[in-house]
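In case you want the letters, here they are:
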Amino acid sequence: MIDLEELAYAFNAVLGTDDFLVYLNSNAYPDDIGARNVVTMTALRIPFGFTREELDAESLTVTLTFDLPCDVRGERAVVRGNALETIEKKLLGRQRFRVEQADGTTYIVNTFFEQQPPANPYADSGGITQQIVVSGKALAQNCACKALVGNDVLVSVSADGKNYTRLLKVTRVATAQTGTDANVPLSEETTLPCVRALSRTHTKALTFLYTGLAIENEFLKIAEGAPFDVNKVYYYKVEYPDFALIVPFLLLSVSSQDSAGVYLQYTLNVQTVEDARETAVE
C-alpha cells in the first residue's frame, strides 16, 4: 500500500511547494514555514481485502485542511485568493497523478475531491484565520497493478460509422448471453444435462450525462416520441487502455431522466448486430 508520508509530499508538489506546506496528521507549525500556507492531511484507509501481492491497491478517504488568512483586503487577501484558485484547479473533481516513493515503487493516484463548507474564522497570532476543508475519495494503486478506474474506459457513438462523438458516461453495463439447448443423455445413466450453446446475444445499458451534442439531441427526440428508423444502425466505440473495439448496434430503448436540481441524463439499451472489430487506441 502507498506510504502516506509520500502521498502528503505528492499533494504538496501538486499544490506547489512555494505556497503550501502539507503535513500528515499534524497541524503543529514549525518555525520555518515562511509565507507558505499550512495544510493538514488525514486519511481513512480502506484496503480491498486482498494481500498486497494479489492486489496492491486501496481506497482512501483523504481530508486536506487549509489554514488560510481571512482578510478581504491587502496582501493576505491575495494569498487567500491564490490559494482558493489553486484548490479549485488542482484538487477538485477528478485528478490523476503519480507518486514515486523512496523505495522505487510508483503508485498511480486518482482523486475525486469536494470542497466542504468553511469553518468559522478565528483569531490566530494577531490575524484572522479560516480553515478550508477539501475531502473525498482517492484510489491508489501500484503502477504494476492493472486495476482500472471507470473514468478511463471511454465511450463514443457514431450515426454513420465514421464520425464518432465521445459521450460523458455515467454508468455502463455490457452483457454477453448465450442461448442454449439442454438434453439429458439417458443412455449414459446421468442426470446432468448436456448443454450446448446455439446462439449469442450482446446487449449494453449505457447512461450518459447530457451535454448538448447533436447525437444526444437525436436520442432525446426519440425518447420523447419523434418518429425514427427502428432499424437504423449506430456504431459504438469503447476504448480501454490496452485495446479499443467498434461494434454496430440497434436501439432497443431510449429513456431520459431529469428532475428538479439534477442534470439531465439519458439511457440507451442496445443490442449489437455484428461482431466487434478491434481498432487503434487513440
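Residues numbered from 1 in each chain as written. Predicted model: local features only at pLDDT ≥ 70, side-chain atom pairs only at ≥ 80, totals over all residues. Heavy atoms only, no water.

Draft legend 1. Spotlight on helix α1 (residues 4-15). If you check α1, its first and last C-alpha atoms are 16 Å apart, about what 12 residues at 1.5 Å a residue would give, namely 16 Å. For α1, every residue scored as buried is listed here: L4, E6, L7, A8, A10, F11, N12 and L15. G16 occupies a position one or two residues after α1 and carries a positive phi of about 115°. (Helix = DSSP H or I, 4+ residues; strand = E, 2+ residues; numbered from the N terminus. Expected span 1.5 Å × (residues − 1). Buried < 20%, exposed > 50% of the residue type's maximum accessible area, 1.4 Å probe, protein only.)

Draft legend 2. Structural view of the pairing of strand β3 (residues 57-69). Judged by how many residues are buried, β3 sits mostly within the fold: 11 of 13 residues are covered. Of the pairings in the sheet, the one linking strand β2 (residues 37-47) to β3 comprises nine bridges and is antiparallel in character. The partner of I46 across the bridge, within β3, is S59. Here β3 runs beside strand β7 (residues 127-142); their pairing, made up of 13 bridges, is antiparallel. The residue of β7 that forms the bridge with V62 is G136. (Pairing = 2+ DSSP bridges.)

Draft legend 3. Structural detail: the pattern of salt bridges. For the structure on display, the rule yields six salt bridges. For R94, the salt bridge is made with D152, and the minimal N-O distance between the two is 2.9 Å. With R94 in strand β4 (residues 93-100) and D152 in the loop between β7 and β8 (154-158), this pair connects stretches of sequence that are 58 residues apart. Exposure remark for R94: the relative accessible area of 30% places this residue in the partly exposed category. The salt bridge partner of E218 is K232, with a shortest N-O separation of 3.1 Å. (Salt bridge = Lys/Arg side-chain N within 4 Å of Asp/Glu carboxyl O.)

Draft legend 4. Expanded view of the side chain of Q141. Summarising the element assignment, Q141 is placed in strand β7. With relative accessibility at 9%, the residue Q141 sits in the buried group. For Q141, the side chain forms a polar contact with the main-chain oxygen of C145, separated by 3.1 Å. (Polar contact = N/O pair within 3.5 Å; in protein donor to acceptor, adjacent residues only side chain to side chain.)

Draft legend 5. Quick peek at the packing of aromatic side chains. Per the counting criterion, the structure on display carries eight aromatic pairs. Geometrically, the ring pair formed by Y240 and F243 is stacked, given 4.7 Å between the ring centres and 25° between the ring planes. Given a relative accessible area of 23%, Y240 falls into the partly exposed group. On the basis of relative accessibility, which here comes to 31%, the residue F243 falls in the partly exposed class. One aromatic cluster in this structure is built from F208, F219, Y234, F249 and Y266. Cation over ring: K237 sits above Y164, and NZ or CZ is 5.7 Å from the ring centre. (Phe/Tyr/Trp six-rings, centres within 6.5 Å; stacked < 30°, edge-to-face > 60°. Lys NZ or Arg CZ within 6 Å of the ring centre and 35° of its normal.)

Draft legend 6. Spotlight on the side chain of T65. Within the fold, T65 resides in strand β3. Those residues in contact with T65 that sit more than four places away from it in its chain are V38, V39, T40, Q131, I132 and V133. (Contact = heavy atoms within 4.5 Å.)

Draft legend 7. Focus on unusual backbone geometry. Its identity as a non-glycine residue notwithstanding, N25 has a phi of 60°, on the positive side. Along the chain, the position of N25 falls in the loop between β1 (20-24) and β2. Of the residues examined, N25 reaches a relative accessible area of 55% and is grouped as exposed.

Draft legend 8. Fine view of the nonpolar core. Grouped together as the largest cluster of nonpolar side chains are 29 residues, with contacts concentrated most on L7, F11, M41, L64 and F66. Among the secondary structure elements, those contributing two or more residues to this core are α1, β1, β2, β3, α2 (75-90), β4, β5 (106-115) and β7. In terms of residue count, the dominant contributor to this core is α1 (six residues). Beyond its immediate stretch of four places on either side in the chain, F11 contacts V22, M41, V62, L64, L91, F97, T111 and F113. (Core = buried A, V, L, I, M, F, W, Y, C linked by side-chain atoms within 4.5 Å.)

Draft legend 9. A look at helix α3 (residues 214-224). All buried positions along α3 are accounted for by I215, E216, F219, L220 and I222. Projected onto a plane normal to the axis of α3, the buried residues spread over an arc of 160° and lie on a single side. The outward face of α3, more than 90 degrees from its buried face, is lined by the exposed residues A214, K221 and E224. As for α3, its buried residues are in contact with β8, β9 (165-166), β11 (194-209), β12 (234-239), β13 (244-259) and β14 (262-272). Among the residues trailing α3, G225 stands out with phi positive, at a value near 115°. (Arc of directions from axis to C-beta.)

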